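# Structural overview for review
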Amino acid sequence: MIDVKKIEAVNRPIEAANGLPNECYVSEKYFAYEKERIFCNNWTVIGVGSSIPNPGDIKPYNLLGIPLILVRGKDLKIRVFHNVCSHRGFKLLDKPCNLKNVVRCPYHSWSYDFEGNLVATPHIGGLNIHQSKEFDKTKSNLKEVKTKIWMDIIFVNINSNEIEFDEYIKPLEQRWSKFINKNDQGLIVHSNDYGYFSLIVNCNWKFAIENYCESYHLPTIHPELNKVSNINDHYHIQGLPNRFAGQGSKKYEQPFKGNKKFNTFPNWEKNNLKNSEYIALFPNVMIGLHIDHFYVFWLEPLAINKTKEHMQMYYIGNESANGEELKELRKENSKFWKDVMLEDVNAIEGMQEGRKSPVYNGGNFSPVMDQPTYQFHKWVANSLI
Ligand code: FES
Ligand SMILES: [Fe+2]
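Residue numbering note: each chain is counted from 1, following its sequence as written. Here chains are named by letter from A upward and ligands by number from 1 upward, in the order in which they appear as written. Where local features are concerned, this predicted model is filtered to residues with pLDDT of at least 70; where side-chain atom pairs are given and counted, the filter is 80 or more; whole-chain, interface and lining totals use all residues. Calculated side-chain values reflect all of the structure's heavy atoms, with hydrogen atoms and water omitted.

### Here's the deal with the side chain of D344
Convention followed: Runs of E in the DSSP output that reach at least two residues are strands. Runs of H or I that reach at least four are helices, and both are numbered from the N terminus. Three labels apply to residues, based on accessible area from a 1.4 Å probe with only protein chains included: buried if under 20% of the type maximum, exposed if over 50%, partly exposed otherwise in between. Charged residues are defined here as Lys and Arg on the positive side and Asp and Glu on the negative side; His and the ends of the chain fall outside this count. Only one rule defines a salt bridge in this text: a Lys or Arg side-chain nitrogen within 4 Å of an Asp or Glu carboxyl oxygen. The criterion used for residue contact is that any of the two residues' heavy atoms lie within 4.5 Å.
Structurally, D344 can be placed in helix α11 (residues 327-354). An unpaired buried charge is present at D344: no salt bridge exists, and K338, the closest side chain of opposite charge, is 14 Å distant. In contact with D344, not counting residues within four places along its chain, are N211, H217, I221 and H222.

### With respect to the domain arrangement of the protein
A common way to report how large an interface is uses the accessible area buried once the components associate. In plain terms, the rule: A domain assignment, automatic or from a database, supplies the domain bounds used here. Accessible area that two parts lose when put together, evaluated with a 1.4 Å probe and summed over both, is termed the buried area. Here a polar contact is recorded for every N or O atom pair within 3.5 Å, except that within protein the pair must consist of a potential hydrogen donor and a potential acceptor, and residues adjacent in sequence are included only if both atoms are side-chain atoms.
According to the domain assignment, the protein contains domain 1 (4-43 + 171-384) and domain 2 (46-149). Taken over C-alpha atoms, the centre of domain 1 sits 33 Å from the centre of domain 2. Together, the buried faces of domain 1 and domain 2 total about 1,000 Å²; carbon and sulfur atoms form 74% of this surface. Summed over the three residues of domain 1 that lose the most area to domain 2, namely K35, W43 and W298, the buried surface amounts to 46% of that side. Inspection of the region where domain 1 meets domain 2 yields zero salt bridges. Joining domain 1 to domain 2, the criterion identifies one residue pair in polar contact (both at pLDDT 80 or more).

### A few points about the coordination of the iron ion (ligand 2)
Formally: Note: metal donors comprise N, O and S atoms at 2.8 Å or less from the metal (3.2 Å for Na, K and Ca); water molecules are not included, so apparent gaps in a site are possible. Note on geometry labels: four donors, all angles 85 to 135 degrees, give tetrahedral; four donors become square planar and six octahedral when opposite donors are over 155 degrees apart and every other angle is between 65 and 115; remaining cases are irregular.
Coordination of the iron ion (ligand 2) by the protein is provided by H217 (NE2), H222 (NE2), D344 (OD) and D344 (OD), with metal-donor distances spanning 2.1 to 2.6 Å. Classification of the site at the iron ion (ligand 2) rests on its four donor atoms, whose angles at the metal span 55 to 144°, yielding the label irregular. Along the chain, the residues donating to the iron ion (ligand 2) fall in the pattern H-x4-H-x121-D. Taken together, the residues H217 in the loop between α6 (205-212) and α7 (218-221) and D344 in helix α11 connect sequence positions 127 residues apart. For D344, a relative accessible area of 11% puts it in the buried group.

### With respect to the packing of α6 against α11
What counts is decided by this rule: As a rule, the C-alpha atoms of each element are fitted with a line to give its axis, helices using only the stretch in contact, and angles between N-to-C directions run from 0 to 180 degrees. Convention used here: angles under 35 degrees read as roughly parallel, angles over 145 as roughly antiparallel, angles from 65 to 115 as roughly perpendicular, and any remaining angle as oblique. Less than a right angle of anticlockwise turn of the near helix away from the far helix marks a crossing as left-handed, whereas a clockwise turn marks it as right-handed. In this classification, the charged set is Asp, Glu, Lys and Arg, the nonpolar set is Ala, Val, Leu, Ile, Met, Phe, Trp, Tyr, Cys and Pro, and all remaining amino acids, among them Gly, are polar.
In contact at an axis separation of 9 Å, α6 and α11 are set at 125° when each is read in the N-to-C sense. In terms of orientation, α6 lies oblique with respect to α11. Remark: the crossing between α6 and α11 carries right-handed chirality. Residues F207, A208 and N211 of α6 lie in contact with α11, whose contacting residues are D344, A347, I348, M351 and Q352. The residue inventory of the contact of α6 with α11, partitioned by class, reads five nonpolar, two polar and one charged.

### Things to note about the sheet that holds strand β3 (residues 66-72)
The condition is simple: What makes two strands pair is DSSP finding at least two bridges between them.
Within the open sheet, the seven strands sit side by side as β1-β10-β9-β4-β3-β2-β5. Their pairing is antiparallel. Lying at the two open borders of the sheet, with one neighbouring strand each, are β1 (44-48) and β5 (97-98). Bridge count for strand β4 (residues 78-82) against strand β9 (residues 144-150) is two bridges, and the pairing is antiparallel. Considered in β9, the bridge of F81 is made with E144.

### Let's talk about the pairing of strand β18 (residues 285-289)
Within β18, five of the five residues are buried, which leaves the element mostly enclosed by the surrounding structure. Residues V285, I287 and L289 point to one face of β18 and M286 and G288 to the other, with burial holding for every one of them. Pairing of strand β17 (residues 276-281) with β18 involves five bridges; the strand directions are antiparallel. Bridged to Y278 within β18 is G288. In this antiparallel pair of consecutive strands, β17 and β18, the connection spans three residues. In the sheet, β18 pairs with strand β19 (residues 293-303) via five bridges, with the strands oriented antiparallel. Pairing of L289 across the sheet is with F294, part of β19. As consecutive antiparallel partners, β18 and β19 are separated by three residues.

### A short note on the packing of aromatic side chains
This is how it is decided: Aromatic pairing here means that ring centres of Phe, Tyr or Trp (its six-membered ring) are within 6.5 Å. Orientation follows from the plane angle: under 30 degrees is stacked, over 60 is edge-to-face, and everything else is tilted.
One pass over the full model with this rule turns up 21 aromatic pairs. The interplanar angle of 70° and the centroid separation of 4.9 Å between the aromatic rings of F39 and W205 together place this pair among those described as edge-to-face. Of this pair, F39 sits in helix α3 (residues 28-40) while W205 sits in helix α6, placing them 166 residues apart in sequence. Its relative accessible area of 0% is what places F39 among the buried residues. Aromatic pair F165 and Y168: ring centres 5.4 Å apart, planes at 45°, arrangement tilted. On the criterion of helical spacing, the pair formed by F165 and Y168 is a turn pair, its members being three residues apart in helix α4 (residues 165-175).

Put into structure tokens, the structure is as follows:
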């Protein structure tokens, strides 16, 4: 299925390592393998809680062909189920909606509550007989997926085989404890007006992560950004070689309009006021933490060479996230990030094009500038082998 020898070349010391081979970016067979080994075996992101804010909000999601539904229960808890009826296997839901009490299957009207329990089986025992002695309803509930919400991000582990999420996220929480504590995590509010945009890019999802991990490309791809947040002011981040990687800046300046600024996190350490950090949590989410805003840039792989990027933006407290006073500032901040992400599209699509070359062997890494990207390659390689 995969060429283990080529993939093992990633595991050499950085000076001698090659990156992942072309097949990891162009082969359909590889893509199917990756779905299982990377997306089903790990904590994968499938959306954010604020896109289903109300009880009864339901959204279908297609994870590389696996149909899922995201449900906000009456208890406000988010649950994720496989999007398939236990009866004859009809796909339950096609588009987002808000439901009153149950998810009803369009085929024979079996119905499930928001906790996934099968609660109605009309005519199962013959016309107008809605129960059957021989049939034990409790064995045909919807199949729930192992799910965890962290900073509004919905993580799922399809194969239920990853370490517990709290354990998984601990190294990052420890790293970020100088900026935000557990309570502060709850202060973020999604912005309803300029809080979301998406981009479709013609490349494999991995390029977005690789590119996000390094600041090497700042002067060439983001010349404007490089003027305010220079490559020299950036540092690299590696958290446990197999969980996350990224970069930070020491020169973040809060945007302002007149004397108006966004609220800030209350427990951010005084000697780190200008730090901001950009971390890719493997496999498919990139997060950005600043003293006055947080974003979640998550990837929906659509095909081996096509990806949907979703950008979700958060501020500290409702006034900053949704108040009229700061609307213009939010608009500008959203535009700022969109422009940066758009500049990156050229870079990541260019790498996809280059992978068509039969002579490319995965390439090399700069031992200094490409460390976090190399960590990501190693993580992918070890998830595959
Ligand atoms: S397939 Fe859903 S009720 Fe029959
Ligand atoms: Fe970039």
